[in-house]
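Listed here are the chains, written in short residue letters.
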Amino acid sequence: RRLAIGTVGIAIVLALPLVIAVRSLERVHKTTMELRNGAFAASLLIGNLRQGTDDLRRAEDALVYVGSPDTHDRMTQQIATMRTLADSLDAFSLKAAAINVRLALDSLSVLSNEEYVRSSAGRHDSAEVVSTQWVRPRISVIEKTIGSAEQVLRTRSRDAVNAATDDTATAE
């Protein structure tokens, strides 16, 4: 009987660390999946937003100096593309960034039409004023917002990695 109790005691002592290690590894796996599906996907979205902002800036330059229907269409399309990307920020709990980008894009829709009217009428100096005083500052707002969102993601990722590291240390 004492042998059986001793054997059960040894089994419990040996099984307890195994259970703790398995649970810690499950948490590490969960954190890894969250990073892959959340932070990694969000950072790809941020990269696409950066590229989209660069494309938006180039489209705006062409609109100011060329002022053709094609350049206006290109600017309108780029604003629509950026709006779609901005809507995706909501899925990553970046609502403030999504709102700020959408507000800037709303302004850009109106302002780019005004730029087009002036530029297509040959009033390039007047279109340049709209660009310098109104449009480019809105694009800068988008760039700053993307930078802030990137910082939020970086902090979240760091915290998740630190938690996974702690779980791994617990498993050891």
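You'll find the structure just up there.
Computed from a predicted structure; not experimentally measured.

Q: Describe the overall build of the protein chain, naming the residues involved and giving the relevant values.
A: Counting its regular elements, the protein chain contains 4 helices and 0 strands. Shown N-terminal to C-terminal, the secondary structure of the protein chain runs as helices and strands in the order α-α-α-α. Here the C-alpha atoms of the protein chain give a radius of gyration of 27 Å, more than 25% beyond the 16 Å that 2.2 N^0.38 yields for 172 residues. Taken over the C-alpha atoms alone, the protein chain extends approximately 100 × 25 × 20 Å along its principal axes. Within the protein chain, counting contacts between residues at least 6 apart in sequence, those at least 24 apart form 73% of the total. In the protein chain, the 21 positive side-chain charges and the 21 negative ones have mean positions that sit 9 Å from each other.

Q: Please provide a residue-by-residue account of the nonpolar core, values included.
A: Formed by 29 residues in total, the largest nonpolar core has its most connected members in L49, L56, L89, L105, L108 and I142. At the level of elements, α1 (2–65), α2 (69–89), α3 (95–120) and α4 (124–171) are the ones that each hand at least two residues to this core. Contacts of I142, omitting those with residues within four sequence positions, involve T53, L56, M82, V101, A104, L105 and L108.

Q: Outline the packing of α2 against α3, listing residues and values.
A: At a minimum axis distance of 9 Å, the contact between α2 and α3 shows a crossing angle of 170°. Put simply, α2 runs roughly antiparallel to α3. On the side of α2, the interface is formed by P69, H72, M75, I79, M82, R83, A86, D87 and L89, while α3 contributes A97, A98, V101, R102, L105, D106, L108, S109, S112, N113 and Y116. Looking at side-chain class alone, the contact of α2 with α3 contains 12 nonpolar, 4 polar and 4 charged residues.

Q: With reference to specific residues and values, describe α2.
A: If you check α2, its first and last C-alpha atoms are 31 Å apart, about what 21 residues at 1.5 Å a residue would give, namely 30 Å. Residues of α2 that are buried: T71, H72, M75, Q78, I79, M82, L85, A86 and L89. All buried residues of α2 fall inside an arc of 145° around its axis, so they share one side. Summarising the geometry of α2, the exposed residues directed more than 90 degrees from the buried face are D70, Q77 and T84.

Q: Tell me about unusual backbone geometry, and name the residues and values.
A: Residue S93 is not a glycine yet carries a positive backbone phi of 55°. Among the secondary structure elements, S93 is positioned in the loop between α2 and α3. For S93, a relative accessible area of 53% corresponds to the exposed category.

Q: Quick rundown of the environment of N48? Include the residues and the values.
A: The topology assignment puts N48 in helix α1. Remark: the alpha-carbon pair of N48 and M82, spanning 34 residues in sequence, is separated by 9.0 Å.

Q: Talk me through the side chain of S112; I want residue IDs and the actual numbers.
A: As for its position among the elements, S112 is in helix α3. Among the polar contacts made by the side chain of S112, one reaches the main-chain carbonyl oxygen of S109 at a distance of 3.2 Å. Residues within four places of S112 in sequence aside, it is in contact with L63, H72, M75 and I79.

Q: Summarise the environment of D54; cite the residues concerned and give the values.
A: Relative to the helices and strands, D54 resides in helix α1. Classification of D54 by relative accessible area gives partly exposed; the value is 35%. Residues D54 and E34, 20 residues apart in the sequence, show an inter-C-alpha distance of 29 Å.

Q: Help me get a handle on the pattern of salt bridges, residues and values and all.
A: Side chains bearing opposite charge may pair, as long as their charged atoms lie close to each other. For the structure on display, the rule yields 10 salt bridges. The salt bridge partner of R58 is D55, with a shortest N-O separation of 2.3 Å. Here the residue R58 and the residue D55 both occupy positions in helix α1, the gap between them amounting to 3 residues, near one helical turn. By relative accessible area, which is 42% here, R58 ends up partly exposed. Judged by its relative accessible area of 23%, D55 is partly exposed. In this structure, the salt-bridge partner of E60 is R136, at a minimum N-O distance of 3.5 Å. A residue pair is termed long-range when its members are at least 10 positions apart, and E60 in helix α1 and R136 in helix α4 qualify at 76 residues. Each of E60, D61, E128 and R136 takes part in salt bridges that share partners, so that together they form one network.

What counts as what
- Each residue is numbered by its place in its chain's sequence as written, counting from 1.
- Under the rules for a predicted model, residues below a pLDDT of 70 receive no local features and side-chain atom pairs below 80 are neither given nor counted, while totals for whole chains, interfaces and linings still include all residues.
- Only hydrogens and water are set aside when side-chain values are computed; all heavy atoms of the structure are taken into account.
- Elements are defined by DSSP. Helices are runs of H or I of four residues or more, strands are runs of E of two residues or more, and each kind is numbered from the N terminus.
- A radius of gyration in this sense is built from C-alpha atoms; the matching globule rule multiplies 2.2 Å by the number of residues raised to 0.38.
- Between two residues, a contact is recorded if the distance between any of their heavy atoms is within 4.5 Å.
- In this tally, Lys and Arg are treated as positive and Asp and Glu as negative; His is ignored, and so are the chain termini.
- By convention, the charge on Lys lies at NZ, on Arg at CZ, on Asp at CG and on Glu at CD.
- Here, nonpolar core refers to any group of buried Ala, Val, Leu, Ile, Met, Phe, Trp, Tyr and Cys residues whose side-chain atoms link them within 4.5 Å.
- The buried label applies to any residue whose accessible area, calculated with a 1.4 Å probe on protein chains only, is under 20% of its type's maximum; exposed applies above 50%, and partly exposed to all values in between.
- Axes here mean lines fitted to C-alpha atoms, for a helix over just the part in contact, with angles spanning 0 to 180 degrees between N-to-C directions.
- Between 65 and 115 degrees an angle is taken as roughly perpendicular, under 35 as roughly parallel, over 145 as roughly antiparallel, and anywhere else as oblique.
- Side-chain classes follow a simple rule in which Ala, Val, Leu, Ile, Met, Phe, Trp, Tyr, Cys and Pro form the nonpolar group, Asp, Glu, Lys and Arg form the charged group, and the remainder, Gly included, forms the polar group.
- Between the first and last residue of a helix there are one fewer steps than residues, each counted as 1.5 Å, and that sum is the expected span.
- Starting at the helix axis, one direction is taken to each C-beta atom, and the arc is that of these directions.
- Polar contacts here mean pairs of N or O atoms no more than 3.5 Å apart (in protein, one a potential hydrogen donor and the other a potential acceptor; neighbouring residues in sequence count only if both atoms are side-chain atoms).
- The salt bridge criterion pairs a side-chain nitrogen of Lys or Arg with a carboxyl oxygen of Asp or Glu, the two atoms within 4 Å.

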